[in-house]
Structures are given as structure tokens and as C-alpha cells.
Amino acid sequence: MKMNKLLLLTLLLATCVRIIHAQPPHGYKWTKDGNGYFAAENGEIVRYELPAFIKTVIASKEKLTPAGENNPISIRNFFFSNDNTQVLIYNNSKKVWRYDTRGDYWILNLTTGSLKKMGKQFPASSLMFAKFSPDGKKLAYVSNYNIYVEDITTGKVTALTSGGTRKKINGTFDWAYEEEFFCRDGFRWSPDGRKIAYWQIDASRTKDYLMINNTDSIYPFVKPVEYPVAGEAPSPFRIGVADISTANTKWMNIPTDPVLQSYVPRMEWAANSHELIVQHLNRKQNESNLLVCNIATGASNAVYSEKEKTWIDILPLWDDDYAYGGWDWLNNGKEFLWASEKDGWRHLYRVSRDGQKETLVTKGNYDVMDISSIDEPSGYVYFFASPDNATQKYLYRTKLDGTGTAERLTPMNQPGTHDYEVSPTGHFAIHSFSNYYTRPVEEWVSLPDHKAFNGDNVNNALAKASSTQSNLNFFKVKTSEGVEMDAWMVKPSHFDSTKKYPVVFYVYTEPWGQNVKDQYGVGHNFLFNGNMSEEGYIYISIDNRGTPVPKGRDWRKSVYQKIGQVNIRDQALAAKEILKWPFTDTSRVAVWGWSGGGSATLNLMFQYPEIYKTGIAVAGVGNQLTYDNIYQERYMGLPQENREDFVNGSPITHAKNLKGHLLYIHGTGDDNVHYNNAEMLINELIANGKQFQLMSYPNRSHGIFEGKGTTAHLSHLYTDYLRMYCPPGPGAR
């Protein structure tokens, strides 16, 4: 029901851009003192010292050229050993579902100049998540579902696990964990380098979805994907600790429900080499327990617990810096930073190691949108928030001991959306900015004074830009039920208030998408082959209750067990208010969306056919019971307990009400929203005599981009259908 993370990066959607992550961690690679950073440039690895940007070549092309070769190895990503004497280089990467997390690794010794390829006995591009041991003498990685350790000097490889298969997964994860918990890298070195803690996922009892490939050979073949749908138990987990010297594993004793099962979406060493800390979630994901595990005995002890009536968001769901691991320890491991919505807002708490004491760090009626950096020596945490405008984003800091109030560091004269990559010491940051009328721009700033030191790029860009140059505006719409929502509207270029114009609504509506953001590109329809504004369309998007906007817990979680109902009603009632405007043509009203937005489009067309006359639904879920358990059960509960909510919120239930023109688009190779779901909906429309148009893209995934000509074909299809059934241009009142 959600857009996958590759699509939520938006498939080109300018309104929701995300970076595609290669082998993590991603982002700027700061020097340890925070006064510089490393970068890959022109096939070399360089270091820049700030604020003068003094450049030093760390690894030249010559050093990166293997013996007997003429060309240097490519650099997809790189990582330093703790002492900075070695650099691990990742290249020849291959995609695993969403991101290119499988590839080759090389180690360059910066002292001796030696360059060697690791894991030579394994197939090319088959290693995953390689990491130096803390002392830099070994390298650990996953290959073909098993974990290995390689001695860097001798090349000796030791298998820490055996028997790994697609159904017995060591050191990485199954489809659902990867997609919904961002779990990919599934092992961690102990601080002393003597052990490795890891996940093992048992997918042997998880049913396969059989994706049929009809295009890549004369005879079709099947590609199975372990995929537990709503109502099916998740793949059981185990957390093990492998001894490097013996390759023996000690399993942790983590309680679980033998029938319903449970989840461990986070696991790290507990700031020492003899304990682990894990986050344990129940099946419904509304009870979270932080367990400290003794690796010698395997015993686990709950130190911090939380319960919710709806669901609990794990940290990577709103701050993807933690998608590949990390735990914010403070005071030499005696405390840690934790987030909770228990007071109605997402706030940060300082929690003692035993969970007996906690201190509220961020205070006030606002949500922490993201953690930017923690500067413990100076006593500050840097974070993003926007207390007064949910469409924007700003940098704040506050004292880690909870005694201060939030201090906005972003200048007040820069309204819009800001991102910062803050150095470990909080002295410098790369600052990215845009708003709906100002193109994206970057600058380097010092903190906390926020002074640009390589050109005042943001202020210069704002000085040259003007909101009058944009025909987009933000507004609020209040429904007859008193729900007020943020929205944007792009008016026709030659708007005449005495005329009537067609209205096209762009929707997502679910807990995985915020459309109404004050950033450049918002209001651009990437699928439309032309200029909607020039052709005379009014283009609108609205963020209903349940969307992940910084308006507090109650706003976000009001859709619990009511997806397909509350969010759809909010959209429809808002549309009714908008269509009271005298310049809107109620006979020409269209709606479209992708994935969760495709589901919303179907529901709006079926539940409110008197409003929406034309719909284009791309890769939408027609039956909530077909979608994966982690996502669907998080927001809807267990179908064994409230099946009627799944049924009532599914478009397939309301398909009999279709009156307008519907174009349904789906890829037959979609591993996220499977094609059988589409055929269930198609059957229901046929059974009720409903005419519609269908476009199936053979063997295309959820993003529908593979294959020659696909993107252009999809764009033309979308545009032609919209122009035909919701004609552009003004009409007489």
C-alpha cells in the first residue's frame, strides 16, 4: 500500500526526492576532528580541510590501479579503517531489490601502497556490507547468505555461518524486513573485534509469491519471493554472537510469541563487548521493549518499554541515517538518546542504561522531524523541526541535558525546506535549501552562528528569486467536519477568474507520503508530457490526516485501522470545498497517484464517484489483504481481529460503484504490490460490468522504468488519457 523507498525517492518525483543508497553509510565522510571531509573526485579519494578547503589527495589514480592493469578501479563508495591507514573501496555494485548493496571490495593500504581485492574465491559482485574489524586486521562480509571473516594480511577466509540459503538468511534479511524496517546490513563487529553479532532470519515457513517472467525466455519462468502478506506470521528471527576464533555462535534468548511471532528491527553492541541492546517489537508493532542481552549466557533483560494504542514508529522510519545501524550512546555508555511520541509529539529523551531515569531533551508543541547531529562534548543535539508550518523544515539545536529550549539556527529570512549535514563537532555543515520558487542551492556554513564561508549562496539565490514568478500557492482547506489540511495549487498560466477550469488532484494519502512541501519542484507532474499550467489545468495536492507531517501524534495516527476510510474521506470532503470555487469545473475533475496514491485514486473513484470523473491509478493496491504484513498490520492491526477494516478500506470492496473513466496501470513484475492483486481488482470490475482501461507493463517492477521506451510510453499514455477524459483549458461559466 506504500510507495517503495526507491519510488518514494520518487521515481523522479520532484516533491519527494531521496538519494539511492549504495553500500552504507552514505552522506559526507567527515574527518574525526570534524574539521574536514573526504570525497571521491575524478577517480581519486581526497580530503578537504575546512574552512579553507585545502585539498589533499589521499588515494591517487595510480595507487588505485591494480598491478598489471592500465586503469584504476572505480569508486562506488569507500570506508576508512579506524586508524585511517587503510581504505576499503566498494565497486561493481549490483542492485538487491531497491539498492545496490552487492558488489566487489578492494583494500588500499595507505602506508605501503598495496592494493588487493578481497573475497577472491567468491563470485564477482557477490559481497555485501564489508566492514573492517576495529583493529583493521580483518574484514567481515556476507556472501550468499553466510558471514565470512577474511584476514587482510594472509587472505585466509573463515566462515562464521554455514547452510545459508534464500530461506535461511545470515547477516542480512528477507524482503519484508528490508522493505519495511530498512534492515539490510545484518551484522555488527564487537568493539574489541573478537566477536560478530548478527541476525538470522528463518523464512522456511514464509510463503513465496511467484513472480512470472514471460519476457526473458521463450518459456516463462518463475522468480519466487518470500513475502508474508497481512495475516501471515513473519519470518522468525534469531540474534547470534559468533566468536571469531572458534566460529561458534551463542544464541540470545529473546522471548517471542510462538504463533504470532515478533520482530527485532534494531540490534547493536551496548557500548561494550559483552552485551547487546535490541529493540523488540510485538507482532502488532504497538509494544516496544529495549532488551540488554548478556552474550555469555544469552539472557535478555528489558530495560525500557513503551506501549501505544496504535503503532510505534522505529527510528529509521523517520530518520533514515539509522537505516544501516547506530545507537546514540551518551556519557560513556551510561545513557542513550531515544525518541517517543508518548506526550503527543515526537520528542527526544535521555534515558539511563537501566531505563530507570529519563529526561525530556526537546520540549514544546512540535515534532522532531529528524536528528542531524549529536555534539556531546559541547552538550548539544542538532535536529530538524518546523513548529509553525508543517510544509517546511529548519535546523534547531538544544542542550542534551534537557535544561534548554530549542534554538533555531536556520536564519529567519530563509523560508522553505532546509537540510544540513553537520560535522561531528557541530562546527561546520553543508547546507542545502530550496523553496517552491527558489531552485536548490548549497553552501557551507559554520555553526552555531550559521555564517556562510564559501559564498552566501542561499541568500543570493533568495535575492534573485521571487514568489511572484511562480503560479503555485499554498493554502489551507477546512472540511465540513472541521479538519483543516495543508494543500498547494498550481493555477493555469493565463488564469481568468471568470472562466471554469478542470481540476486534477495528485494524491498519496497514506503514512508513507507527504506531498505538500515547500520545496522546489513541488507542483510538477513528472508523468505529464507537456505543461499542465500552460494547457489550462488546475493542479492540486492535499495532505490529509495520517500523512507523516509534523503535526503531532494524533494527526499521524488518526488513520489507525482506517486506511482507505479516514484518509479517503478527508480527501473527498476537501475536494468538495475546493469545487465550490466558482472557477472550478465540477464536470472535469480528475485524480491520480502511484502505489499508495494509486490505492487512494481507486478508493476515491469508487467511494466518491459523484466527485471524481476521471482517475489514473498506477501500481495501486486493490485489496489490502494482498500487501505485506509488516506495513499493513502496523497501520491496520491483524486481519484475524478486525478483518472488516481491511475489507472496508480496500478499493475492491467498492469497485461496483465506478461511474467515471478509469485507467489502471501495473507492472507484472512488481515485487512490492503484486500483480495478482491487480487481477483481483480487474475481476471485480468485470463482474460488475464496469468498463475501464488497463495497461500492464510486462515484467516491470513497482517503478515501471525497466526496458527500452518504458518511461516515455507511460508518460504518453498518462497524458493522452488525461487530455481525452479531462480536457484542458478554460470553459465558460
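What you see is a predicted model; the values in this text were computed from it and never measured.

Asker: Would you explain the overall build of the protein chain in this entry?
Answerer: When helices and strands are counted, the protein chain shows 12 helices and 44 strands. Here the C-alpha radius of gyration of the protein chain, 26 Å, is about what a compact globule of 733 residues would show, namely 27 Å. Counting only C-alpha atoms and orienting by the principal axes, one finds that the protein chain spans roughly 80 × 60 × 60 Å. Total accessible area computed for the protein chain in this model is approximately 28100 Å², and 49% of it derives from carbon and sulfur atoms. The distance from the centre of the 78 positive side-chain charges to the centre of the 78 negative ones in the protein chain is 2 Å.

Asker: Just checking my understanding: could you explain the sheet that holds strand 31 (residues 407–408) for this structure?
Answerer: For sheets, the rule is that strands pair by backbone hydrogen bonds, running either parallel or antiparallel. Taken in spatial order, the 4 strands of this open sheet run 28-29-30-31, and their pairing is antiparallel. A strand with exactly one partner marks an edge of an open sheet, and here the two such strands are strand 28 (370–375) and strand 31. Here strand 29 (residues 380–385) pairs with strand 30 (residues 394–399) via 6 bridges, running antiparallel. Bridging across to strand 30, Phe384 finds its partner in Leu395.

Asker: Looking at this structure, how should I read the pattern of salt bridges?
Answerer: Any two side chains of opposite charge can pair if their charged atoms end up close together. In total, this model carries 37 salt bridges according to the counting rule given. For Arg166, the salt bridge is made with Asp208, and the minimal N-O distance between the two is 3.0 Å. Of this pair, Arg166 sits in the loop between strand 12 (157–159) and strand 13 (168–170) while Asp208 sits in strand 16 (residues 208–213); the two residues are 42 residues apart in sequence, bridging distant segments of the chain. Arg166 gets classed as partly exposed once you look at its relative accessible area, which sits at 26%. Judged by relative accessible area, Asp208 falls into the partly exposed class, the value being 30%. For Glu341, the salt bridge identified is with Arg556, shortest N-O distance 2.7 Å. Of this pair, Glu341 sits in the loop between strand 25 (335–340) and strand 26 (347–352) while Arg556 sits in helix 5 (residues 553–557), and the two are 215 residues apart along the sequence. The same class applies to Glu341 and to Arg556, which are both buried.

Asker: Help me out: how do you make sense of the UniProt feature "domain: Peptidase S9 prolyl oligopeptidase catalytic" (unreviewed entry) in the protein chain in this one?
Answerer: In the numbering used here, UniProt assigns the "domain: Peptidase S9 prolyl oligopeptidase catalytic" (unreviewed entry) feature to residues 532–717. In residues 532–717, the share of helix is 41% and the share of strand is 18%. The end C-alpha atoms are 15 Å apart.

Asker: Even after reading the chapter, I still don't get the confidence of the model for the protein chain, so can you show me in this structure?
Answerer: Segments scoring low in pLDDT should not have their predicted coordinates read at a detailed level. Per-residue confidence for the protein chain gives a mean pLDDT of 94, with 96% of residues at or over 70. In the model, residues 4–22 has pLDDT below 50 throughout and makes 61 contacts with residues more than four positions away in sequence or in other chains.

Asker: How should I be thinking about the sheet that holds strand 33 (residues 428–435) in this particular structure?
Answerer: Within the open sheet, the 4 strands sit side by side as 32-33-34-35. Their pairing is antiparallel. Whereas interior strands pair on both sides, the edge strands pair on one side only; in this sheet they are strand 32 (417–422) and strand 35 (451–452). Relative to the sheet, helix 3 (residues 457–464) contacts strand 33 and strand 34 (438–446), its axis offset from that of strand 34 by approximately 150°.

Asker: Mind showing me how you'd approach helix 8 (residues 629–636) here?
Answerer: Residues lying three or four places apart along an α-helix face the same way, a consequence of the helix completing one turn every 3.6 residues. Burial analysis of helix 8 places 8 of its 8 residues in the buried class, which makes it a mostly covered element. Of the residues making up helix 8, those classed as buried are Asn629, Ile630, Tyr631, Gln632, Glu633, Arg634, Tyr635 and Met636. Residues of helix 8 that are buried make contact with helix 2 (175–181), strand 20 (262–269) and helix 9 (639–648). The distance from a side-chain oxygen at the start of helix 8 to the backbone nitrogen of Ile630 is 3.1 Å, and the residue carrying that oxygen is Asp628. Following helix 8 by one or two positions, Gly637 has its phi on the positive side, about 85°.

Asker: Looking at this model, I keep getting lost on the side chain of His702. Mind explaining?
Answerer: Checked against the element boundaries, His702 lands in the loop between strand 43 (693–697) and helix 12 (710–725). Of the residues examined, His702 reaches a relative accessible area of 0% and is grouped as buried. A distance of 2.8 Å separates polar atoms of two side chains, one belonging to His702 and the other to Ser595.

Asker: What is the right way to look at the UniProt feature "domain: Dipeptidylpeptidase IV N-terminal" (unreviewed entry) in the protein chain in this model?
Answerer: On the UniProt side, "domain: Dipeptidylpeptidase IV N-terminal" (unreviewed entry) is annotated at positions that read residues 81–436 here. Taken end to end, residues 81–436 is 2% helix and 46% strand, and its first and last C-alpha atoms sit 42 Å apart.

Asker: When you look at the pairing of strand 30 in this model, what are you seeing that I'm missing?
Answerer: Residues in a regular strand point their side chains to alternate faces of the sheet. Among the 6 residues that make up strand 30, 5 are buried, leaving the element largely enclosed by the rest of the structure. Two strands pair when backbone bridges link them, and strand 30 and strand 31 are joined in this way by 2 bridges, in the antiparallel orientation. Looking at strand 31, one finds that Arg397 is bridged to Glu407.

Asker: When you look at the environment of Lys656 in this model, what are you seeing that I'm missing?
Answerer: Locating Lys656 in the fold gives a position in the loop between helix 10 (651–654) and strand 42 (661–667). Taking C-alpha positions, Lys656 is 41 Å from Arg184, a pair spaced 472 residues apart along the chain. The contacts of Lys656, once residues within four sequence positions are left out, are Asn688 and Lys690.

Asker: In this structure, what is going on with helix 7 (residues 596–607)? I would like to understand it.
Answerer: Over its 12 residues, helix 7 extends 16 Å from the first C-alpha to the last, a length consistent with the 16 Å expected when each residue adds 1.5 Å. The buried fraction of helix 7 amounts to 11 of the 12 residues, a majority that puts the element mostly inside the structure. All of the buried residues along helix 7 are Gly596, Gly597, Gly598, Ser599, Ala600, Thr601, Leu602, Asn603, Leu604, Met605 and Phe606. Check the buried side of helix 7 and you find it contacts helix 6 (566–578), strand 40 (584–594), strand 41 (614–618), helix 10, strand 42 and helix 11 (675–687).

Asker: Please explain the packing of helix 6 against helix 7 as it appears in this structure.
Answerer: The relative placement of two packed helices comes down to the angle between their axes together with the axis-to-axis distance. For the pair helix 6 and helix 7, the least separation of the axes is 10 Å and the interaxial angle reads 65°. Viewed along their axes, helix 6 and helix 7 form a crossing whose handedness is right-handed. The residues of helix 7 that touch helix 6, namely those facing Ile568, Gln571 and Ala572, are Ala600, Asn603, Leu604 and Gln607. Tallied by class, the residues present in the contact of helix 6 with helix 7 amount to 4 nonpolar, 3 polar and no charged.

Asker: Would you mind going over the side chain of Glu268 with me for this structure?
Answerer: Counting through the fold element by element, Glu268 comes out in strand 20. At 3.1 Å, the side chain of Glu268 forms a polar contact with the side chain of Arg188. Here Gly326 takes part through its backbone nitrogen, which lies 2.8 Å from a polar atom of the side chain of Glu268. In this view, Glu268 contacts Arg188, Leu276, Ile277, Gly325, Gly326 and Trp327; residues no more than four positions away in its chain are not counted.

Asker: Before we go on, may I ask you to explain the nonpolar core in this structure?
Answerer: In globular proteins that are soluble, nonpolar side chains generally tend to be buried together. Among the nonpolar cores identified, the biggest contains 111 residues, and Ile239, Leu276, Phe505, Ile540, Ile542, Phe606 and Tyr612 are the most heavily contacted of them. Here this core gets 6 residues from one element, more than from any other, and that element is helix 6. In contact with Ile540, other than residues within four places in its own chain, are Phe475, Trp488, Met489, Val503, Val504, Phe505, Tyr506, Ile578 and Trp581. Counting 29 residues, the second largest nonpolar core, distinct from the first, contains Val516, Met532, Ala590 and Ile665.

About the thresholds
- Residues numbered from 1 in each chain as written.
- Predicted model: local features only at pLDDT ≥ 70, side-chain atom pairs only at ≥ 80, totals over all residues.
- Heavy atoms only, no water.
- Helix = DSSP H or I, 4+ residues; strand = E, 2+ residues; numbered from the N terminus.
- Rg over C-alpha atoms; globule rule 2.2 N^0.38 Å.
- Areas by Shrake-Rupley, 256 points an atom, 1.4 Å probe, with all protein chains shown as cover.
- Lys, Arg positive; Asp, Glu negative; His and termini not counted.
- Charge placed at Lys NZ, Arg CZ, Asp CG, Glu CD.
- Pairing = 2+ DSSP bridges.
- Salt bridge = Lys/Arg side-chain N within 4 Å of Asp/Glu carboxyl O.
- Buried < 20%, exposed > 50% of the residue type's maximum accessible area, 1.4 Å probe, protein only.
- UniProt positions renumbered as here; feature names shortened; annotations may be inferred.
- pLDDT = per-residue confidence, 0-100.
- Contact = heavy atoms within 4.5 Å.
- Axes fitted to C-alpha atoms, helices over the stretch in contact; angles between N-to-C directions.
- Polar contact = N/O pair within 3.5 Å; in protein donor to acceptor, adjacent residues only side chain to side chain.
- Expected span 1.5 Å × (residues − 1).
- Left-handed = near helix turned anticlockwise from the far one by under 90°.
- Nonpolar A, V, L, I, M, F, W, Y, C, P; charged D, E, K, R; others polar.
- Core = buried A, V, L, I, M, F, W, Y, C linked by side-chain atoms within 4.5 Å.

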